[in-house]
Amino acid sequence: MNRSTFRIAAAPAALLLTFSLAACGAANEETDSNSDTTAAGGESTAGSGDDTAGAEAPAEELSGSIAGAGASSQGAAMEAWKASFESTHGDVTVSYDPVGSSGGREQFLSGATVFGGSDAYLSDEEVALAADRCEGGELIELPAYVSPIAIAYNVEGVDQLNLSPETLAKIFTQEIKTWDDPAIAADNPDATLPSDAIAPVNRSDGSGTTKNFTDYLSAAAPDVWTHGAVDDWPVPGGTGGQGTSGVVDAIGRTAGAIGYADASQIGELKTVSVKVGEEFVGPDPEAAAKIIDASPRVEGRGEYDFAVDIDRETQEAGVYPVVLAAYTMACTKYEDANDAALVKAFLSYMVSEEGQTVAQQNAGSAPISQTFRDNAMKAIDAIETE
Amino acid sequence: MSTTAQPPAPTAASPTADKPVVRPGDKIFAGLSTASGVMILVTLVGVAAFLLWQAWPALVADPSEVRGGNGLLWYIGPLVYGTLVAALIALIIAFPLSIGIALFISHYAPRKLAAALGYVIDLLAAVPSVVFGLWGVSVIGPMLMGIQAWSIDNLQFLPFIGGPASPKSMLVTGAVLAIMILPIMTAVNREVFLQTPRLHEEASLALGATRWEMIRQAVLPFGRSGIISGAMLGLGRALGETMAVAIILSISARYTPVVTSPANPGTIAADIALQFPEASHGAHLATLVASGLVLFFVTLIVNMAARYIVSRRAAFSGAN
Amino acid sequence: MTTSTPARTEPTSSRNAQVETSGIKPGRISQALHAGILIGSVLLALGLLYVFGTVSLFPLLMLGAAIYLVVIYVVGRAIEGRRHGLDRFVTGLVTTFFLMALIPLLSVIWTVVSKGLARFDAEFFTWSMRGVLGEGGGAYHAIMGTLIITGITTLLSVPIGIFAAIYLVEYGQKGRLAKALTFFVDVMTGIPSIVAGLFAVALFTLFLGPGARMGIIGSVALMVLMIPVVVRSTEEMLRLVPNELREASYALGVPKWLTISKVVLPTAAAGIGTGVTLAIARVIGETAPLLVTVGTTTNLNVNPFDGRMQTLPVFAYYSYATPGIPREAFTERMWAAVLTLMLIVMTLNIIARLISKFFAPKTGR
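K.L.:
Quick rundown of the overall build of chain C? Include the residues and the values.
P.N.:
When you go through chain C residue by residue, the secondary structure sums to 15 helices and zero strands. Sorting the 365 residues of chain C into buried and exposed places 61% on the buried side. If you take every contact in chain C between residues at least 6 apart in sequence, the share linking residues at least 24 apart comes to 72%. Of the roughly 14,200 Å² of accessible surface on chain C, 70% is carried by carbon and sulfur atoms.

The structure is reproduced here in structure tokens:
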């Protein structure tokens, strides 16, 4: 090899070498073998750290690593679950690649990952594929992450905004163009509405949030919203933002803007209360969690498949129907017994009271109900670890 | 022209002229070079085969199966248009700027200062595109709002001006892309300008030319091929830029000449990044890969055009 | 070539040159006058903006520069003659362009540095994110991942890229392979980065089955993106090496490979170094191809042949895209990661410059 080529190539290599020699391990990972002391740094590790998933945890110490991939909507919650799970199980490594729902389903079904995440439940074709992937066992689908989708707006002087589904749909189809439209005024008799133009903000990327929001619009206002439930925002002319952060940012920067985003990330923005039955309900986690119990399970699926068709038209009091449920997919049977044990322990932790609290504190999700937890635990208990 | 780079006949050049000398060094060197070239070709064939394999379902699918439900052309057409518009805006802004900056560094600034300035510009190439995206939305977007609003009030008659002004418009995206491609274009131009033979410059100055005349007579003609190469590298980056465009651009239209409003067509690369994670359906995924294939061809055509321009001026470059 | 270039000038300007050099010595714009024009232009711009009621830095500089350019051309033309007036104008224009470009560039750097410093602490460089909830934690694992993956990519791409460029310039001539190579390297610059990632995944799935995630796969994906940049910039630099040098070397009986490695490459070293640095910068910030090939993890992993690794761009992007609560902690980590990334490239840049300084022959500039 000639000199200058060698030297140019050698420079980064030398740098690399320096770095790898200088350090051996991350400061917070050196105590890995001693599982109790690894919780350092995590301030908000919810109180009862020690007997995590206590009832379910096998007597012998867990070790090894498992990987999952899927929807980025539950990325923050997964990070939180992983972090606190790993701090109680020092020899376990869980990873979750937020590659998106389709990637998550595909990787899970091809056996690339042992668990998956998805904003939508598996299609019937995919369920058929899952039979192979699960080595003859059952497919588990759990909506373990439930999060309200807030409809946030940026209008000076309007602190409280109530909207019926029809008005909301008209705003997003751009039929209603100004804030002082009679339809909006009818729902908000006390508010002083400006005559500013409405700037609707939507996701520019395909997302489960859009799918759930449009699903709500098409179920609750079918006459106005004729685009159905779709991943891609179908109405042209609005402002598009990438991801939850992009939408929140665009609403915050544009006077007269209104958009939909994960409720945990909207920060200082004000939120719309939507009409459910005779009252108006805001994006409150408890109100959102109720919808899962109020919704019917998808029929004709496995015993442990908790796919639900969210009942957007519910008239029940105190229920917020604009929610996103992200499913976690797993199998009751794995080729590798250790994988099975780890998945079992991790899933148990996710749905446990503590796990749900951790997710609420760190990702703003709605904790699942006790009824649903009991059901979910039946599925998780069915995972064969022998 | 091409004879000059030919190796001398071994017998004539070798010190021991009696017998032909086989130089292992030459053989190894030639072998390594050829092998590298072949390897790149093999990789590319692999990528192309992979792309075709992945895009095939969309190419043969019924138009209603394809993403958008109206066939490939319907889906990809506006994206190609958007890609070209964004890249064109970027190139229009960056091309004169990069030449100006490179000239300033190579021929105007004091030598010490020039080195430092070149360094600052190179540093920008290190900024990840996510950051350019965030910075574009929070700094450039608001900064251009005034100009855009003014244009909408006063220049409405122009076809590409239209309201309402948006900090996420095509113009803002193009401006940020221009800043992103400046470092690579400037770096290439600068290196090329610095390579101008000293003799050419001195000859020009000795004939009484002013500095600008010297640059026009000696530096720019010599660097033309390099300038175009740099512009193409920049254009390639602008065409393929993903994250920055995805973050900044508000995508909610198909074909539109307007570049100042929130209703813009998307670009291919940004669309792939935006739609890929949740593309649920086989044919939908394939549509995205097919759009990637189209981006391939767009880049190809742009580069062929550049090569054609350069080849017409080949006499000015050093080696051939 | 040298003789033909000046002949291309229009006859009028050469006649002017004769008039001006042989006749009465034209006047010069004094330093004081020049400074006066500059300050006057800025003040005029300030006044105009004040009248229209929108005083801010960027329009001020633009308007000031425009006024200055007009005035210096007119004054220069009146005092020093047409050619020197034009020269003044171009000098002003080039400087303006430079300043104009510098503003956004400095703004980006300022944004990154000012926001990145919030978490630029010891914990950031010694901790991974394992077991970290909310605040705290660090990017040590991501820094190592980025250095290792980019290092491997560079080690593999640079020799291949440089040799391919040597082939194109020194060996290939106008052969079919060289033409194909030139053509396809251009095509390669148009590969969307996510496609490179998917390609690498598909390639390794053939050998290792589904689910393989390791650093080396990411390096392969980045190679696809990096090689064309190296080839193109190196090729351009090699073509600029004057043929006289090669001919002189051959005439002394130096073998071709030694001519290339001792004469051609050192002459082009500065340019190649810049090109390589830019190529590294091009790939070191990639997010999408790394996410699908290397995955993400919160743990330190320094073995590129086994398991997931974290990288700085992926770390930064997901801190931004899927933040938890409190959001500030995630945003601060993101900016600190970006700042780190910039510093790494800056270090590489310095090294590249030192190399070219030590090994390039003296060129007079």
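K.L.:
A description of the overall build of chain A should follow, citing residues and the corresponding values.
P.N.:
Each helix and strand in chain A was counted, giving 12 helices and 11 strands. Residue burial in chain A is summarised as follows: out of 386 residues, 60% are buried. Taking the contacts inside chain A whose residues are at least 6 apart along the sequence as the reference set, 73% of them involve residues at least 24 apart. A total accessible area of about 14,400 Å² is found for chain A, and carbon and sulfur atoms account for 47% of it.

K.L.:
Residue-level account of the pattern of salt bridges, with values.
P.N.:
Residue and element names in this part refer to chain A. All chains considered together, the criterion is met by 18 salt bridges over all chains. Salt-bridge contacts for Lys270 lead to Asp159; the nearest nitrogen and oxygen are separated by 3.9 Å. With a gap of 111 residues between them, Lys270 in strand β9 (residues 270-276) and Asp159 in the loop between β4 (139-154) and β5 (161-163) connect regions that are remote in the sequence.

K.L.:
Explain the nonpolar core to me, using residue names and the numbers behind them.
P.N.:
Core analysis: the largest hydrophobic core is formed by 200 residues, its most contacted members being Ile40(B), Phe132(B), Ile166(C), Ile191(C) and Leu238(C). The element contributing the most residues to this core is helix α3 (residues 72-108) of chain B, with 18 residues. Residues from two domains meet in this core; each of domain 1 (28-115) and domain 2 (125-358) of chain C gives at least three. Not counting chain neighbours up to four residues away, the residues in contact with Ile191(C) comprise Leu44(B), Val47(B), Phe296(B), Ala196(C), Val224(C) and Leu225(C).

K.L.:
I'd like to hear about the environment of Ala180(C), residue by residue, with values.
P.N.:
Residues and elements named next belong to chain C. Along the chain, Ala180 turns up in helix α8 (residues 176-188). Of the residues examined, Ala180 reaches a relative accessible area of 23% and is grouped as partly exposed. Residues Ala180 and Leu63 lie 117 residues apart in sequence; the distance between their C-alpha atoms is 49 Å.

K.L.:
With reference to specific residues and values, describe the interface of chain B and chain A.
P.N.:
With 22 residues of chain B at the interface, the matching set in chain A holds 25 residues. Carbon and sulfur atoms make up 44% of the surface buried where chain B meets chain A, a total of about 1,700 Å² over both sides. Ranking the residues of chain B by area buried against chain A places Ser252(B), Leu274(B) and Glu278(B) at the top, with a combined share of 32%. Across the contact surface, chain B and chain A share zero salt bridges. On the surface where chain B and chain A come into contact, there are six residue pairs in polar contact (both at pLDDT 80 or more). Sorting the residues of the side of chain B that touches chain A by element identifies α5 (129-154), α9 (243-248) and α10 (268-275) of chain B as the ones contributing at least two each. Looking at the side of chain B that touches chain A residue by residue, the classes come out as 14 nonpolar, five polar and three charged.

K.L.:
Describe the interface of chain C and chain B, and please don't skip the residues or the numbers.
P.N.:
Contacts between the two partners involve 103 residues from chain C and, on the opposite side, 111 residues from chain B. For the pair chain C and chain B, the summed buried surface comes to about 9,900 Å²; carbon and sulfur atoms form 73% of the total. Applying the counting criterion to the chain C and chain B interface returns one salt bridge. Its salt-bridge partner being Arg83(C), residue Glu213(B) comes within 2.6 Å of it at the nearest N-O pair. Linking chain C to chain B there are seven residue pairs in polar contact (both at pLDDT 80 or more). The leading source of residues in the side of chain C that touches chain B is helix α5 (residues 82-116) of chain C, at 20 residues. Here the residues of the side of chain C that touches chain B are counted per class, giving 64 nonpolar, 23 polar and 16 charged.

K.L.:
For the state of the cysteines, give the residues involved together with the corresponding values.
P.N.:
All names here are of chain A. Under the definition given, this model contains one disulfide over all chains. Each sulfur of the disulfide joining Cys134 and Cys331 lies 2.0 Å from the other. Judged by the sign of its S-S torsion, about -70°, the cystine formed by Cys134 and Cys331 is left-handed. With a gap of 197 residues between them, Cys134 in the loop between α4 (124-133) and β4 and Cys331 in strand β11 (residues 323-331) connect regions that are remote in the sequence. The same class applies to Cys134 and to Cys331, which are both buried.

K.L.:
Describe the pairing of strand β1 (residues 64-70) of chain A, and please don't skip the residues or the numbers.
P.N.:
All names here are of chain A. Most of β1 sits inside the fold, with five of its seven residues counted as buried. The pairing of β1 with strand β2 (residues 92-97) spans six bridges and is classified as parallel. Residue pairing for β2: Ser65 is matched across the bridge by Thr93. Each parallel crossover has a hand, and the one from β1 via helix α2 (residues 75-88) to β2 is right-handed. Summarising the sheet, β1 and strand β3 (residues 115-118) pair through three bridges and their orientation is parallel. What sits directly across from Gly70, in β3, is Gly117.

Criteria and cut-off values
Residues numbered from 1 in each chain as written. Chains lettered and ligands numbered in written order. Predicted model: local features only at pLDDT ≥ 70, side-chain atom pairs only at ≥ 80, totals over all residues. Heavy atoms only, no water. Helix = DSSP H or I, 4+ residues; strand = E, 2+ residues; numbered from the N terminus. Buried < 20%, exposed > 50% of the residue type's maximum accessible area, 1.4 Å probe, protein only. Contact = heavy atoms within 4.5 Å. Areas by Shrake-Rupley, 256 points an atom, 1.4 Å probe, with all protein chains shown as cover. Salt bridge = Lys/Arg side-chain N within 4 Å of Asp/Glu carboxyl O. Core = buried A, V, L, I, M, F, W, Y, C linked by side-chain atoms within 4.5 Å. Domains from an automatic or database assignment. Buried area = accessible area lost by both parts, 1.4 Å probe. Polar contact = N/O pair within 3.5 Å; in protein donor to acceptor, adjacent residues only side chain to side chain. Nonpolar A, V, L, I, M, F, W, Y, C, P; charged D, E, K, R; others polar. Disulfide = S-S within 2.5 Å. Pairing = 2+ DSSP bridges. Right-handed = clockwise from strand over helix to strand, strands pointing away.

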